[in-house]
Amino acid sequence: ANTSYSDESEWRFSRLTVGKGLYENVDVFFHFIPPLAAVNVSDYGAAVRWSFYQARFLPINVALIGHFDQLNYRDAFTNQNLGADIVVGVNVDNFALYFGGGTVQSAGTFVGKNSSGVCSGSCTVDPNDPTVDPNSRTVTDKLSTTHTVVGLNIQSDNLFGSAEVDRYQDAVYSLKVGLRF
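About the thresholds
Residues numbered from 1 in each chain as written. Predicted model: local features only at pLDDT ≥ 70, side-chain atom pairs only at ≥ 80, totals over all residues. Heavy atoms only, no water. Helix = DSSP H or I, 4+ residues; strand = E, 2+ residues; numbered from the N terminus. Buried < 20%, exposed > 50% of the residue type's maximum accessible area, 1.4 Å probe, protein only. Pairing = 2+ DSSP bridges. Axes fitted to C-alpha atoms, helices over the stretch in contact; angles between N-to-C directions. Polar contact = N/O pair within 3.5 Å; in protein donor to acceptor, adjacent residues only side chain to side chain. Contact = heavy atoms within 4.5 Å. Phe/Tyr/Trp six-rings, centres within 6.5 Å; stacked < 30°, edge-to-face > 60°.

### A look at the environment of Val132
Residue placement: Val132 occurs in the loop between strand 6 (95–111) and strand 7 (138–156). Among the residues examined, Val132 registers a relative accessible area of 14% and is labelled buried.

Structural data, given as structure tokens:
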């Protein structure tokens, strides 16, 4: 278990997600951070969910989810994620509880100083670091790990609210509010 606390700072942001149900229990979702003048961050991605099993007499379903994400922070750090999860949900009236897990692959690229030691923006890598690529002046770190998730969803007419905890190496907490139409 990961019981240590990272000394890195936290980052909180709002993300807009749009989803659409297609046919045969397939849904697609697109998400992005709305562009704001004072924030030098871009993030976008998508997910496809296929609910392949729905119990006949119980309110249980099982779904496969494939997802990807691309993040750029101040042109000093970029990150790409690709993953797949299996999620089990229990739905009763306007309440749903779900849990699942899967795998995620990430590749983070950190930008260093140029060959003359000048930082042309926000640099995140010491140019003397032996892992710096001499041509691109970057360091790329790749990680493949498991992922678990648990969450709940409450719906009232066209409005919904969700709370979710994702567990990678560290926990990620999400609150969602939305409108179904």
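### Notes on unusual backbone geometry
The phi angle at Asp93 is positive, at roughly 50 degrees, despite the residue not being glycine. Looking at where Asp93 falls in the secondary structure, it is placed in the loop between strand 5 (77–92) and strand 6. A relative accessible area of 79% means that Asp93 is categorised as exposed. Phi is positive for Asp157, which is not a glycine, with a value near 55 degrees. Following the sequence through the fold, Asp157 ends up in the loop between strand 7 and strand 8 (159–167). With a relative accessible area of 69%, Asp157 lands in the exposed category.

### Description of the sheet that holds strand 4 (residues 60–73)
Sheet strands pair by backbone hydrogen bonding; their relative direction is either parallel or antiparallel. Across the sheet, which stays open at both edges, the nine strands sit in the order 1-2-3-4-5-6-7-8-9 with antiparallel pairing between neighbours. The sheet terminates laterally at strand 1 (16–21) and strand 9 (171–179), the two strands that pair on one side only. Taken over all neighbouring pairs, the strand axes of this sheet differ in orientation by 20 degrees on average, direction set aside.

### Some points on the side chain of Ser162
Among the secondary structure elements, Ser162 is positioned in strand 8. Since its relative accessible area comes to 10%, Ser162 is described here as buried. Among the polar contacts listed, one links the side chain of Ser162 to the side chain of Asn153, at a separation of 3.3 Å. Not counting chain neighbours up to four residues away, the residues in contact with Ser162 comprise Leu152, Asn153, Ser174, Leu175 and Lys176.

### A short note on the pairing of strand 2 (residues 26–32)
For strand 1 and strand 2, the ladder comprises six bridges, and the chain directions are antiparallel. Considered in strand 2, the bridge of Gly19 is made with Phe29. From the end of strand 1 to the start of strand 2, which pair antiparallel, there are four residues, and Glu24 there has a positive phi angle of about 50 degrees. Here strand 2 pairs with strand 3 (residues 41–54) via seven bridges, running antiparallel.

### Comments concerning the packing of aromatic side chains
Enumeration over the complete set of coordinates arrives at two aromatic pairs. When the ring of Trp50 is compared with that of Phe52, the centres are 5.4 Å apart and the planes differ by 45 degrees; the resulting orientation is tilted. Residue Trp50 is classed as partly exposed on the basis of its relative accessible area of 42%. Ring geometry for Phe77 against Phe110: centres 4.8 Å apart, planes inclined by 40 degrees, an arrangement best described as tilted. Placement of the pair is Phe77 in strand 5 and Phe110 in strand 6, with a sequence separation of 33 residues.

Any functional reading would require information that these geometric values do not contain.
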